[in-house]
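Breakdown of the fold
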Amino acid sequence: MDTSNKGEGQTFTLSYTFFAETHETEIAMMVNGENILSFTRDGQQLTTRWNLDELAFWLRDFLDHAKEDPYPVEVDGEYVAIKDINARDFDTDDDEEFDAYYDKLDEWNERHRWHTASSGAILADLYFQLVDGYIEISWNNQEPEEGVKFSHELGGVRIVAERFVEEVDLFLNAYANQWF
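Remember, predicted model here, so these are calculated numbers, not experimental data.

The rules behind the values
- Residues numbered from 1 in each chain as written.
- Predicted model: local features only at pLDDT ≥ 70, side-chain atom pairs only at ≥ 80, totals over all residues.
- Heavy atoms only, no water.
- Helix = DSSP H or I, 4+ residues; strand = E, 2+ residues; numbered from the N terminus.
- Buried < 20%, exposed > 50% of the residue type's maximum accessible area, 1.4 Å probe, protein only.
- Contact = heavy atoms within 4.5 Å.
- 1 Å grid on protein atoms, 1.4 Å probe; cavity = no way out; pocket = protein on both sides within 12 Å on 5 of 7 lines; lining within 4 Å.
- Points joined across faces, edges and corners; volume = space filled by probe spheres on them.
- Nonpolar A, V, L, I, M, F, W, Y, C, P; charged D, E, K, R; others polar.
- Pairing = 2+ DSSP bridges.
- Axes fitted to C-alpha atoms, helices over the stretch in contact; angles between N-to-C directions.
- Salt bridge = Lys/Arg side-chain N within 4 Å of Asp/Glu carboxyl O.

Let us look at the overall build of the protein. On a plain count of helices and strands, the protein comes out with four helices and ten strands. For the protein, the succession of helices and strands along the chain, N to C, is β-β-β-β-β-β-α-α-α-β-β-β-β-α. Along the first, second and third principal axes, the C-alpha atoms of the protein reach 55 × 35 × 30 Å. Buried residues in the protein amount to 43% of all 180 residues. Taking the contacts inside the protein whose residues are at least 6 apart along the sequence as the reference set, 60% of them involve residues at least 24 apart.

What follows is the structure, given as structure tokens:
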């Protein structure tokens, strides 16, 4: 996947299926025709399927409160997922400084990393950030649970914010109509 494009020409769609008998939703997040949520398990190519209530609430909160909110520490990386990896190398003998640093990272991740709302689903570890009129979606799936291999291990894309909001809002409205 081309991760150098800033959003121009990127296609973005969400596809989903509801399973009433189990209150599960299968979801695919398509960027340029590739499902960035796809993974292989037991020899099968799959995508996330689970009760996604908590994730839907997280996405709604992200959309409703999206604003420029840069990564909280200066660190190298083209995308937030890469910055987050590099930021985890920080160490100090000062316990207060150590705690304050990692608290700052954790608080930012709570607002921008949807994995905090996975509720046990096999879910690609995605970060979302508004940057200069684009939603940056980045991922770090280098260490999935045993027996799972994600199709997209490390990278990111930028989607025009209006397109992202429109598509995610359509999904969230359909989700609310189905389950709530």
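The next thing to look at is the layout of surface pockets. Taken as a whole, the largest pocket encloses approximately 270 Å³ of empty space. For the largest pocket, the lining is made up of 15 residues, of which Asp125, Asn140, Asn141, Glu143 and Pro144 are closest to its centre. For the lining of the largest pocket, the per-class residue count stands at seven nonpolar, four polar and four charged. In this structure, the second largest pocket occupies an estimated 190 Å³ of space. Lining the second largest pocket are 14 residues; nearest its centre among them are Pro70, Tyr71, Val80, Lys83 and Gln129. Those elements that provide at least two residues to the lining of the second largest pocket are helix H2 (80-87) and strand E7 (126-131). Looking at the lining of the second largest pocket, its residues break down into seven nonpolar, two polar and five charged.

Moving on, we come to the sheet that holds strand E5 (residues 44-46). Across a sheet, paired strands are connected by hydrogen bonds in the backbone, their directions being either parallel or antiparallel. With antiparallel pairing, three strands are arranged side by side in an open sheet as E5-E4-E9. For this open sheet the edge positions go to E5 and strand E9 (148-150), each flanked by a neighbour on one side alone. Each strand of the sheet is rotated relative to its neighbour by a mean of 30°, with strand direction disregarded. Here strand E4 (residues 39-41) runs beside E5; their pairing, made up of three bridges, is antiparallel. The partner of Thr40 across the bridge, within E5, is Gln45.

With that settled, the discussion passes to the pairing of strand E2 (residues 24-31). For E2, a buried count of six out of eight residues is recorded, marking the element as mostly surrounded by other parts of the structure. One ladder, built from two bridges, connects E2 with strand E3 (residues 34-35); its direction is antiparallel. Among the inter-strand pairings, Met30 is bridged to a residue of E3, identified as Asn35. Linking two consecutive strands that pair antiparallel, namely E2 and E3, is a turn of two residues; a positive phi of about 50° is found at Asn32 within it.

Moving on, we get to the pattern of salt bridges. One pass over the structure, following the stated rule, counts eleven salt bridges. One salt bridge connects Asp69 with Arg111, and the closest N-O pair in it is separated by 3.0 Å. A residue pair is termed long-range when its members are at least 10 positions apart, and Asp69 in the loop between helix H1 (53-65) and H2 and Arg111 in helix H3 (residues 95-112) qualify at 42 residues. In this structure Asp69 comes out as buried when scored by relative accessible area, which is 14%.

On to the sheet that holds strand E10 (residues 154-160). Strand order across the open sheet formed by three strands is E7-E8-E10, with antiparallel pairing between neighbours. Edge positions in the sheet fall to E7 and E10, since each of these pairs with one other strand and no more. Taken pair by pair, the neighbouring strands of this sheet meet at an average axis angle of 20°, ignoring direction. As paired elements, strand E8 (residues 134-140) and E10 share seven bridges and run antiparallel to each other. Looking at the pairing, Asn140 lines up with Leu154 of E10. On the sheet, H2 packs against E7, E8 and E10 and is oriented at approximately 50° with respect to E8.

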